[in-house]
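Reading the structure
Next come the chains, spelled out residue by residue.
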2 protein chains.
Amino acid sequence: MLDYKLLEALAAVVECGGFERAGEALGLSQSAISQRIRTLEIRLGQPVLVRTPTLAPTPVGRQLLNHARRVQLLERDLSRALPTLESEAPRLRIAVNADSLATWWAEAVGVLCREEGVVLDLVVEDQEVGLRRLRDGDVAACLCASPQPIAGARALPLGRMSYLPLATPAYRERHFSAGPAAEAFRQAPAIVFGPNDQLQHRFLAQCGYHGPFPYHLCPASEGFVRLALAGMGYGMIPRMQVERRLAAGELVSIAPGQALEVPLYWHSWRHSGQLIERLSEALGAVSLV
Amino acid sequence: MLDYKLLEALAAVVECGGFERAGEALGLSQSAISQRIRTLEIRLGQPVLVRTPTLAPTPVGRQLLNHARRVQLLERDLSRALPTLESEAPRLRIAVNADSLATWWAEAVGVLCREEGVVLDLVVEDQEVGLRRLRDGDVAACLCASPQPIAGARALPLGRMSYLPLATPAYRERHFSAGPAAEAFRQAPAIVFGPNDQLQHRFLAQCGYHGPFPYHLCPASEGFVRLALAGMGYGMIPRMQVERRLAAGELVSIAPGQALEVPLYWHSWRHSGQLIERLSEALGAVSLV
């Protein structure tokens, strides 16, 4: 079988972001960690880590990490059946889209994580990047808008999140007093989550507008809402994130009646053990509107 | 002088995350964009972009982008003096730490951005990465906890953010009923922003604890608070982010009297034009507690 001490060292270096901290985490010296990584690279005949611009696994390193994480999950099930086997608190690395993390995610998984003593490594990603991380073995599961499962995994539908085009009342008055018209879209700054964010484009297309528009880029859910509240722009915001602010009239729709529904899917490897099964059950019980 | 059409194409490719979208943004075909990038690379004798794992500028590409962005800022000042000169809405690319973005940032800069018609490209980064981006020329300014200006830039102190070790009352009761003791820290899951986040370690050291501890990793400000609210762990949260939840008793300190003060500094290039000057003034007027 593989020498899992070597894979454990690799996982620690990647997780801790450095050799010294990996040593601290495993109770080993930095040079012992370096030695293990070197041994792994000699056996494979190729590098498992790239050092620049930041420390990161190579494609081969990622495959090893994926394997190590899946073995850890299976070990956990084994230690249930054989309680005398020593086993650490399981770490589960999961890619989650930012808006879910800022709203319903923690409440949905909190009880299970407490009961099972599981700790999470959350990775915040756009949907495509999240699925790629799953394929590369960098995460054990992924929550995103893509319905298409990758090979060996399955996609569980969780419902939809509803996005509204929101701004402050003053902003709407200044830019959209004549409604969602082309001239307004050409002038009024929007707020967009990132260069890959298609929500704004979908909204504009739904309004029949296909031209250029000025926009702020803000890749953080709460920051996005703060920019809207500061009157800097309008943007597509999940209704559930701002229920209270909508009720209080702090944010209003610049195009009443317009909304975008974004479906969410939970992607996980088949046969990855009971913990993922139970997490999938907990998420399956969520009913997003 | 340099051929700025080429630099503009490079900036668009990086900003839009692809050749096709860059073409759309500039009203050019994808092949025209490719041709400009190729011309730039032939003149320089080296690549300005790496294509894998994701499209990103090379170190030389970043230097060019930095230069182009600084020229754009200076052009903006010129177009003020010569109003007949055509000039687009300025785009300002800034690295901001996540907790500032989730709290006071937008309100501090909102009025200025509206008045000046400036749109922001916000990059959310740990402090060290933010400063490196400034040095590499990837951003025009950076908000972070490091007091040390890099060469050619200056660092303006903005005050401090106060972080408290918070959890739900039920979580405190379950894990910290005997106070912040070593045994509790060894068992109770913490929430940590990322592998480079030193706040949790500083807090534990302040409590006299230096051993291992279980933790969730959650690299998103609002998600972090949500994990704490779901009873999944305790974590260092900016007081100003959760004033209302503290007042309502939804979150409580697991170590009353303990807090960490994180200073914030605004780093910007010297001589980068009036817009950065005015932004610095607006930020200088902020009084963080």
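In the nomenclature of an unreviewed UniProt entry, chain A corresponds to ArgP/LysG family DNA-binding transcriptional regulator from the organism Halomonas icarae. Taken directly from UniProt, the Sequence similarities (unreviewed entry) text for chain A runs: "Belongs to the LysR transcriptional regulatory family."

Some thoughts on the overall build of chain A
When you go through chain A residue by residue, the secondary structure sums to 13 helices and eleven strands. Its C-alpha atoms give chain A principal-axis dimensions of roughly 70 × 40 × 35 Å. When the 289 residues of chain A are sorted by exposure, 53% land in the buried category. Of all intrachain contacts in chain A linking residues separated by at least 6 positions in sequence, the fraction that spans at least 24 positions is 73%. When the accessible surface of chain A is totalled, it reaches about 13,000 Å², and 53% of it is carbon and sulfur. Distance from the positive charge centre (29 side chains) to the negative charge centre (29 side chains) of chain A: 2 Å.

Digging into the interface of chain B and chain A
Each partner contributes residues to the interface: chain B has 42 residues there, and chain A has 42 residues. Approximately 3,300 Å² of surface area, both sides summed, lies buried where chain B meets chain A, with 58% of it carried by carbon and sulfur atoms. Here chain B and chain A share zero salt bridges between them. Put simply, chain B and chain A have ten residue pairs in polar contact (both at pLDDT 80 or more) between them.

Quick look at the side chain of B:His267
Residue and element names in this part refer to chain B. Structurally, His 267 can be placed in strand S11 (residues 260-269). Taking the relative accessible area as the measure of exposure, His 267 reaches 0% and is therefore buried. Within the structure, the side chain of His 267 is placed 2.6 Å from the backbone oxygen of Ser 146, a separation counted as a polar contact. Those residues within four positions of His 267 in sequence are excluded, and the remaining contacts are Leu 131, Leu 134, Ala 141, Cys 142, Cys 144, Ser 146, Pro 147, Gln 148, Pro 149, Arg 154 and Ala 155.

Considering the relation of the copies chain B and chain A
Each of the two chain copies can be generated from the other by rotation about an axis followed by a shift along it. The operation relating chain B to chain A is a screw motion whose rotation component is 180°, with 0.0 Å of axial translation and a residual RMSD of 0.0 Å. The transformation just described matches what one would write down for a two-fold rotation axis. Residue B:Glu222 of chain B places its C-alpha closer to the rotation axis than any other residue of that unit, at 3.0 Å. Counting the interface residues of chain B, we find that 100% of their copies in chain A are interface residues as well, pointing to one common contact surface.

Here's the deal with helix H6 (residues 105-116) of chain B
All names here are of chain B. Helix length check: H6, at twelve residues, gives a terminal C-alpha distance of 17 Å against a target of 16 Å (1.5 Å per residue), a fit within 8%. Taken together, the buried positions of H6 are Trp 105, Ala 106, Ala 108, Val 109, Gly 110, Leu 112, Cys 113 and Glu 116. Directly beyond the C-terminal end of H6, a positive phi value near 65° is found at Gly 117.

Some details on the state of the cysteines
Under the counting rule described, the total for this entry stands at zero disulfides over all chains. You can see A:Cys16 has no disulfide; the closest cysteine sulfur is in B:Cys218, sitting 18 Å from it. The thiol of B:Cys144 is unpaired, and the distance to the nearest cysteine sulfur, on B:Cys142, comes to 3.9 Å.

Some words on the UniProt feature "domain: HTH lysR-type" (unreviewed entry) in chain A
Feature annotation in UniProt assigns "domain: HTH lysR-type" (unreviewed entry) to the following positions: residues 2-58 of chain A. This span, residues 2-58 of chain A, is 63% helix and 7% strand, and a straight line between its end C-alpha atoms measures 19 Å.

Here's the deal with the pairing of strand S6 (residues 153-167) of chain B
All names here are of chain B. Of the strand pairs in this sheet, S6 and S11 are connected by ten bridges, and their pairing is antiparallel. Paired with Ser 162 across the two strands is Glu 261, which belongs to S11. The pairing of S6 with strand S9 (residues 234-238) spans four bridges and is classified as antiparallel. When the sheet's bridge partners are listed, Pro 165 is paired in S9 with Met 236. Note: S6 against strand S10 (residues 252-253), two bridges, orientation antiparallel. What sits directly across from Leu 166, in S10, is Ser 253.

Topic: the pattern of salt bridges
This structure, assessed with the given rule, holds 16 salt bridges over all chains. A:Glu125 serves as the salt-bridge partner of A:Arg133, at 2.8 Å between the closest nitrogen and oxygen. As a salt-bridge pair, B:Glu116 and B:Arg278 come within 2.2 Å of each other at their nearest N and O atoms. Here B:Glu116, found in helix H6, pairs with B:Arg278, found in helix H13 (residues 274-284); they are 162 residues apart in sequence, far enough to count as distant. On the accessibility criterion, B:Glu116 (11% relative accessible area) is buried. The class of B:Arg278 is partly exposed, set by a relative accessible area of 35%. Each member of the salt-bridge network shares a partner with another, and the members are A:Glu115, A:Glu116 and A:Arg278.

Describing helix H1 (residues 4-16) of chain A
The end-to-end C-alpha separation of H1(A) is 18 Å, in line with the 18 Å expected for 13 residues at 1.5 Å each. Where H1(A) terminates, the next one or two residues include A:Gly17, which has phi positive at roughly 75°.

Concerning the packing of aromatic side chains
Taken as a whole, this structure holds 20 aromatic pairs over all chains when the rule is applied. Taken together, a centroid distance of 6.4 Å and an interplanar angle of 65° make the contact between B:Phe203 and B:Tyr234 edge-to-face. Of this pair, B:Phe203 sits in helix H10 (residues 199-206) while B:Tyr234 sits in strand S9; the two residues are 31 residues apart in sequence, bridging distant segments of the chain. An identical accessibility class is assigned to B:Phe203 and B:Tyr234; each is buried. The rings of A:Tyr171, A:Phe176, A:Phe185, A:Phe203, A:Tyr209 and A:Tyr234 are connected pair by pair, giving a single aromatic cluster.

Conventions we followed
Residues numbered from 1 in each chain as written. Chains lettered and ligands numbered in written order. Predicted model: local features only at pLDDT ≥ 70, side-chain atom pairs only at ≥ 80, totals over all residues. Heavy atoms only, no water. UniProt positions renumbered as here; feature names shortened; annotations may be inferred. Helix = DSSP H or I, 4+ residues; strand = E, 2+ residues; numbered from the N terminus. Buried < 20%, exposed > 50% of the residue type's maximum accessible area, 1.4 Å probe, protein only. Contact = heavy atoms within 4.5 Å. Areas by Shrake-Rupley, 256 points an atom, 1.4 Å probe, with all protein chains shown as cover. Lys, Arg positive; Asp, Glu negative; His and termini not counted. Charge placed at Lys NZ, Arg CZ, Asp CG, Glu CD. Buried area = accessible area lost by both parts, 1.4 Å probe. Salt bridge = Lys/Arg side-chain N within 4 Å of Asp/Glu carboxyl O. Polar contact = N/O pair within 3.5 Å; in protein donor to acceptor, adjacent residues only side chain to side chain. Least-squares fit on C-alpha atoms with pLDDT ≥ 70 in both. Expected span 1.5 Å × (residues − 1). Disulfide = S-S within 2.5 Å. Pairing = 2+ DSSP bridges. Phe/Tyr/Trp six-rings, centres within 6.5 Å; stacked < 30°, edge-to-face > 60°.

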